[in-house]
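The lines below spell out each chain.
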Amino acid sequence: MNKTCLECGEKIVGREDKKFCSDGCRNAYNNKINKDSTNFMRNINNKLRKNYRILSELNIEGKSKTTRAKLLSKGFDFEFFTNILQTKTGNTYYFLYDQGYMVLDNDFYMLVKKDI
Ligand SMILES: [Zn+2]
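Residues numbered from 1 in each chain as written. Predicted model: local features only at pLDDT ≥ 70, side-chain atom pairs only at ≥ 80, totals over all residues. Heavy atoms only, no water.

- Going by an unreviewed UniProt entry, the chain carries the name DUF2116 family Zn-ribbon domain-containing protein and comes from Flavobacterium urumqiense.

Given below as structure tokens:
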């Protein structure tokens, strides 16, 4: 059976299970799949990345405290996070990937890092 390259459509010679004619075509194809497909997605991903960067900067030790004012001054956007974790003790952690935060009293925030 004649197979053609998924990227450029050239005929593929060689092994049966090959999908691309070259490494270049495989890379080009995978880059397209992984690219954020819309501006909307790109904007959200940028916000998530920015939030993550801010938490990482403030939480070098893996556990620390900060204030809402400090987070806001760095441009942190509380609307964007990747997941929520509810503990059995009733605390709610908001995570950006492996960096998380929990609201404490008086505008303080506890920053934590998830062990993966
Ligand atoms: Zn090709």
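Text resumes after the structure shown.
Structural notes on the coordination of the zinc ion
So, point 1. The protein atoms that coordinate the zinc ion are Cys 5 (SG), Cys 8 (SG), Cys 21 (SG) and Cys 25 (SG), at distances of 2.3 Å.
So, point 2. Classification of the site at the zinc ion as tetrahedral follows from its four donor atoms and the range of 106 to 117° in their angles at the metal.
So, point 3. In primary-sequence terms, the residues that donate to the zinc ion follow C-x2-C-x12-C-x3-C. With a gap of 13 residues between them, Cys 8 in the segment before helix 1 (23-34) and Cys 21 in the segment before helix 1 connect regions that are remote in the sequence.
So, point 4. Judged by its relative accessible area of 42%, Cys 8 falls in the partly exposed class. (Donors = N, O, S within 2.8 Å, 3.2 Å for Na, K, Ca; no water. Tetrahedral: all angles 85-135°; square planar, octahedral: opposite > 155°, others 65-115°. Helix = DSSP H or I, 4+ residues; strand = E, 2+ residues; numbered from the N terminus. Buried < 20%, exposed > 50% of the residue type's maximum accessible area, 1.4 Å probe, protein only.)

A look at unusual backbone geometry
Trans peptide bonds make up the majority, and among non-glycine residues the majority have a negative phi.
So, point 1. The phi dihedral of Tyr 97 is positive, around 60°, even though this residue is not glycine.
So, point 2. Examined against the element boundaries, Tyr 97 turns out to sit in the loop between strand 3 (92-96) and strand 4 (99-103).
So, point 3. The phi torsion at Asp 107 lies on the positive side, around 65°, for a residue other than glycine.
So, point 4. Tracing the sequence through the fold places Asp 107 in the loop between strand 4 and strand 5 (108-113).

Considering the pattern of salt bridges
So, point 1. Overall, the coordinates contain five salt bridges when judged by the stated rule.
So, point 2. When the shortest N-O distance is used, the salt bridge between Asp 77 and Lys 47 registers 3.4 Å. On the criterion of sequence distance, the pair formed by Asp 77 in the loop between helix 3 (68-73) and strand 2 (83-86) and Lys 47 in helix 2 (residues 39-58) is long-range, its members being 30 residues apart.
So, point 3. For Lys 47, a relative accessible area of 35% gives the class partly exposed.
So, point 4. A salt bridge links Lys 74 to Glu 57, with the shortest nitrogen-to-oxygen separation between them at 3.6 Å. Residue Lys 74 is found in the loop between helix 3 and strand 2, and its partner Glu 57 is found in helix 2; the two are separated by 17 residues along the sequence.
So, point 5. On the basis of relative accessible area, Lys 74 is assigned to the partly exposed category, the value being 34%.
So, point 6. Classification of Glu 57 by relative accessible area gives partly exposed; the value is 46%. (Salt bridge = Lys/Arg side-chain N within 4 Å of Asp/Glu carboxyl O.)

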